[in-house]
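# Commentary on secondary and tertiary structure
Each chain, written out:
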Amino acid sequence: MVPYSMSKKPIESMQADGEAFFATMNKRRSVRHFSKQHVPQHLLELAIQTAGTAPSGANLQPWTYVLISNQDMKSVIRAAAEEEERKTYAERMPEAWAEVLEPLGTDDIKEHITDAPWLIVMFRHSQRLRANGEFGPTYYSHESCGISAGMLIAALQNMGLATLTHTPSPMGFLRDLLGRPPHEHAMLLMPVGYPADHAEVPNIMKKSLSDILVVHS
Ligand code: IYR
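Residues numbered from 1 in each chain as written. Predicted model: local features only at pLDDT ≥ 70, side-chain atom pairs only at ≥ 80, totals over all residues. Heavy atoms only, no water.

At the junction of Ser169 and Pro170, the peptide bond is cis and its omega measures out at -5° in the coordinates. With a phi angle near 55°, Ala58 is a residue other than glycine that sits in the positive phi range. As for its position among the elements, Ala58 is in the loop between helix 2 (41–51) and strand 1 (63–68). A positive phi angle, close to 50°, is found at Tyr140, a residue other than glycine. Here Tyr140 is to be found in the loop between strand 4 (135–137) and helix 6 (141–159). Residue Tyr140 is classed as exposed on the basis of its relative accessible area, which comes to 61%. (Helix = DSSP H or I, 4+ residues; strand = E, 2+ residues; numbered from the N terminus. Buried < 20%, exposed > 50% of the residue type's maximum accessible area, 1.4 Å probe, protein only.)

Structure follows, in structure tokens:
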């Protein structure tokens, strides 16, 4: 064991810091219109480093983040994602799903994959290599990766970068294209960049605190 290094803040700072963070996060929206403007790699690395501090089952950190700026690779990924999405929208999407997507105005054209300067692909590890050379399980890897992805999105938003949590389905093609091993499973394809000058987002509302909170005191 080692001493825990976080220092205690005065209650006023806790409130002020909490409000500032809420204001930043409350402005976040999933962005589908990206500027092609360059974003330095070190900013993406810093956000991924932040995501890497997430808690995880048995601290196994069951994630790999793949960072892509190569335009040819982005084009190949876009073509593969659009091929799957065409089938999803035309044939695989039940009416109950289409009904809740309709207000978002999404379709099978994914220009954000080639417009955004960066793609981040998150892979979830279902297994880990043990010291004895055999594979063993990971624990709570879905939950762990979900938490890490949330921290990644928060870190990017805090820097002023826009993101889209895109989940082309099924996304097994990303393992093949990016040369990842069989125990890694693509979980998120995230275009990252500045929003386009005239970017628009769906006019959606977030539930209020009273809608999402139940207190027993
Ligand atoms: N993967 C598809 C469909 C889609 C699904 C959900 I759930 C969304 O919140 C948005 C889109 C696509 O990316 O278009």
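Computed from the structure, the largest pocket encloses a volume of approximately 380 Å³. If you trace the largest pocket, you find 23 residues lining it, with Arg32, Leu101, Leu104, Thr106 and Thr165 closest to the centre. Sorting the residues of the lining of the largest pocket by element identifies helix 3 (71–92) and helix 4 (95–101) as the ones contributing at least two each. Of the residues forming the lining of the largest pocket, the biggest block, 3 residues, is contributed by helix 3. In the lining of the largest pocket, the residues fall into 9 nonpolar, 8 polar and 6 charged. Of the volumes computed, that of the second largest pocket is approximately 170 Å³. Lining the second largest pocket are 14 residues, with Arg32, His33, Leu104, Gly105 and Thr106 sitting closest to its centre. Within the lining of the second largest pocket, the residues separate by chemical class into 4 nonpolar, 5 polar and 5 charged. (1 Å grid on protein atoms, 1.4 Å probe; cavity = no way out; pocket = protein on both sides within 12 Å on 5 of 7 lines; lining within 4 Å. Points joined across faces, edges and corners; volume = space filled by probe spheres on them. Nonpolar A, V, L, I, M, F, W, Y, C, P; charged D, E, K, R; others polar.)

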